[in-house]
Amino acid sequence: MPESGKRRKLTRGEMLVIAAPYAWIALFFLAPFALIVKISLSQPAQTRPPYEPVLDLANGVAGLFEKLSQFGLGAYRGLAEDNLYLDSYLSSLTIAGVATLICLIVAYPFALAIARAPRRLRPILIGFAVAPFWTSFLIRVYAWIALLKDEGLINHALMALGLIDAPLPMFATSGAVVVGIVYSYLPFMLLPLYAAIEGQDASLREAAADLGATPLQVFLHVTLPLSRRGIVAGALLVFIPAVGEFVIPDLLGGSDTLMIGRTLWNDFFANRDWPAASAAAVALLALLLFPILLYERAQLREDAR
Amino acid sequence: MNAARLARLGALVAGFVFLYGPIVILATMSFNASRLVTVWGGFSTKWYAALFHDEQMLRAAQISLAAAALSALIATINGLLAALALARFGAFRTRALFAGSIYAPLVMPEVVLGLGLLLVFVAFGVERGFLTLVLAHASFTMCFATVMIHAALKGCDRTLEEAAMDLGATPVRAFALVTLPLIAPSVVSAYLLAFIISLDDLVIASFATGPGATTLPMRIYSQVRLGVSPEVNAISTLLLGFVAAALGLSALITRGRAEGGGAG
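This structure is a prediction, so every number in the text was calculated from the model and none was measured. (Residues numbered from 1 in each chain as written. Chains lettered and ligands numbered in written order. Predicted model: local features only at pLDDT ≥ 70, side-chain atom pairs only at ≥ 80, totals over all residues. Heavy atoms only, no water.)

Some remarks on the overall build of chain B
Of regular secondary structure, chain B possesses eleven helices and zero strands. Going from N to C terminus, chain B has its helices and strands arranged as α-α-α-α-α-α-α-α-α-α-α. For chain B, the residues scored as buried account for 53% of the 264 residues in total. Nonlocal contacts in chain B, meaning residues at least 24 apart in sequence, comprise 71% of its contacts between residues at least 6 apart. As displayed, chain B has an accessible area near 11,500 Å², and 68% of this comes from carbon and sulfur atoms. (Helix = DSSP H or I, 4+ residues; strand = E, 2+ residues; numbered from the N terminus. Buried < 20%, exposed > 50% of the residue type's maximum accessible area, 1.4 Å probe, protein only. Contact = heavy atoms within 4.5 Å. Areas by Shrake-Rupley, 256 points an atom, 1.4 Å probe, with all protein chains shown as cover.)

Notes on the packing of aromatic side chains
Considering all chains together, one arrives at 29 aromatic pairs over all chains under this definition. With a centroid separation of 5.1 Å and an interplanar angle of 85°, the aromatic rings of Phe-110 of chain A and Phe-16 of chain B are classed as edge-to-face. Of this pair, Phe-110 of chain A sits in helix 4 (residues 83-115) while Phe-16 of chain B sits in helix 1 (residues 2-29), on two different chains. Among the residues examined, Phe-110 of chain A registers a relative accessible area of 1% and is labelled buried. Members of the aromatic cluster, each reached through a chain of ring pairs, are Phe-246, Trp-265, Phe-268, Phe-269 and Trp-274 of chain A together with Phe-207 and Tyr-221 of chain B. (Phe/Tyr/Trp six-rings, centres within 6.5 Å; stacked < 30°, edge-to-face > 60°.)

Digging into unusual backbone geometry
Positive phi, close to 60°, is recorded for Ala-172 of chain A, a residue that is not glycine. Mapped onto the elements of the fold, Ala-172 of chain A is located in the loop between helix 7 (153-160) and helix 8 (174-198). Even without glycine at this site, Thr-94 of chain B takes up a positive phi of about 65°. Within the secondary structure layout, Thr-94 of chain B lies in the loop between helix 3 (55-88) and helix 4 (95-103). Using a relative accessible area of 44% as the deciding quantity, one classes Thr-94 of chain B as partly exposed.

Considerations on the confidence of the model for chain B
Here chain B shows a mean pLDDT of 87. Residues at 70 or above account for 96%. In the model of chain B, helix 11 (residues 230-263) of chain B stands out as the element of lowest mean pLDDT, 75, in contrast to helix 9 (residues 203-208) of chain B, which has the highest, 95. (pLDDT = per-residue confidence, 0-100.)

Quick notes on the pattern of salt bridges
Enumeration according to the criterion identifies six salt bridges over all chains in this entry. Linking Arg-225 of chain B and Asp-250 of chain A is a salt bridge whose minimum nitrogen-to-oxygen distance equals 3.6 Å. One end of the pair, Arg-225 of chain B, is in the loop between helix 10 (216-224) and helix 11; the other, Asp-250 of chain A, is in helix 12 (residues 247-252), on a second chain. One salt-bridge network, held together by shared partners, links Asp-250 and Arg-262 of chain A together with Arg-225 of chain B. (Salt bridge = Lys/Arg side-chain N within 4 Å of Asp/Glu carboxyl O.)

So, the environment of Phe-239 of chain A
Residues and elements named next belong to chain A. Along the chain, Phe-239 turns up in helix 11 (residues 228-243). Expressed as a C-alpha distance, the spacing of Phe-239 and Ala-99, which sit 140 residues apart in the sequence, is 7.9 Å. Apart from residues lying up to four places away in sequence, Phe-239 is in contact with Leu-93, Ala-96, Gly-97 and Thr-100.

So, helix 10 of chain B
Across the nine residues that make up helix 10 of chain B, a large majority, seven, are buried. Residues of helix 10 of chain B that are buried include every one of Leu-216, Pro-217, Met-218, Arg-219, Ile-220, Tyr-221 and Val-224 of chain B, and no others.

Describing the interface of chain B and chain A
Residue-level contacts link 82 residues of chain B with 87 residues of chain A. The largest contributions to the chain B side of the interface with chain A come from Phe-18, Phe-89 and Val-107 of chain B, which together make up 9% of the buried area. Here chain B is connected to chain A by one salt bridge. Looking at side-chain class alone, the side of chain B that touches chain A contains 60 nonpolar, 15 polar and seven charged residues. (Buried area = accessible area lost by both parts, 1.4 Å probe. Nonpolar A, V, L, I, M, F, W, Y, C, P; charged D, E, K, R; others polar.)

Quick notes on the side chain of Arg-262 of chain A
Inspection of the secondary structure puts Arg-262 of chain A in helix 13 (residues 260-270). Setting aside anything within four residues of it in sequence, one finds Arg-262 of chain A in contact with Glu-245, Phe-246, Pro-249, Asp-250, Gly-253, Gly-254, Ser-255 and Thr-257 of chain A.

A few points about the environment of Leu-168 of chain A
All names here are of chain A. Counting through the fold element by element, Leu-168 comes out in the loop between helix 7 and helix 8. As for Leu-168 and Ile-154, which are separated by 14 residues in sequence, their C-alpha atoms are 9.1 Å apart. What Leu-168 contacts, discounting residues up to four positions off in sequence, is Asp-150, Asn-155 and Leu-158.

If you want it as structure tokens, here you go:
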């Protein structure tokens, strides 16, 4: 692939093909980011839209300079000073990290079992394992409310079995949010793991076994290291969206379950503080920049193949 | 050996119970005559009947379906063109920027995408409503469509198209007559995927839409916040059935193609 070679110019015909998608992403993907950064630097105002513009070319260059001098980091200062934000970041990272780990622990045996099933069953099994992902995210999260509530099915069953006397407080906790994330994002973990395990050469395992390795040793020294790429990809695909999640903490978490996506939402919809919401978005992206770049690099490498 | 097989079977069963259990329980509860999740009051379809008299819910469903149909169409056309550029143009200038922007929404937090799109609409002075909803969803689902069509294009034998051009077809004609029929199933699947994602989206729609165009997930969300209700169970079950049908259709199309290819 000429990935490292000279970049060439597009021909006129190619430009015709690429013009529409390029214009679209410039307008609806690149421009939004520029605007988020811009608004995050402006002052909140009680107007519509509720912020003071930073750059307004209507007043000419003089106006521009005057505006530039007002360039405010106020929204960010708010971020740094406000414990609410710091807590949301830490709590987002913790919840997403724990959920990613549990997701890996749940998904690995599942992926392994599918990858070692009879060859003709594998596509069907993986199809059924991924199918719930296409159904409504909101509804899948909602389904857990009926299970986790104090008067929900799990508590009801545990009490009927005599295992507990009073309902376990599961609903509206950080634990419920972790369960929701693991459930919702399991297919993201499952697919790369399955691909990494299924693609392995079975003769490597046989060779290890022939040389006297126990099944556990074969797993630890052959299967697990060979599936490293799948583990990294799956962990990124779960962790990245989980950090910015809004629906799950909002529906399953308690009012004290802070996550940055939820804080951004409340800043925007409840407090109408657009600069604060934008600053939260920039900070969220900064937090995710490294994992996203890691993922993008993997995608581009895949793409160049 | 038997113990290992048993363990794998156990992992499969546990995995599928975890994945499907909550959905099955939800669907069952939608037919429960009782309001309580823990009491079975007998089989009933009264919650479905109530649903069909809920004007707001029906209106929201209409808006969601229309927005999904339109935005998926735009996303598929844009995605086809973008996939062509990625699969066929090699290492053109700004390719990294283009590819990066295409793939980024796959992993970008929805709250950030939604906020950004809203700011664009406000900056251009567009009144928020159905139009902005469609534009936002078309942008957000385009990346999924691109990835799907790109995969199909990469697996496509390019020599067929070259042969057509050697025989005098213009590049556009060669693409339309040779490659497009080959990737048609993936294009249809990309449309269905974009449609389903749009139909399901709550976060981006909440930012992008206006008071006149409340979508079905937004309506469901506002009801869910009030707690579990049998009526929400009913609409959820209908949506699950709808998506299951769309998935089945998509699988049939893809299989039909695989079998057709095998025979030919």
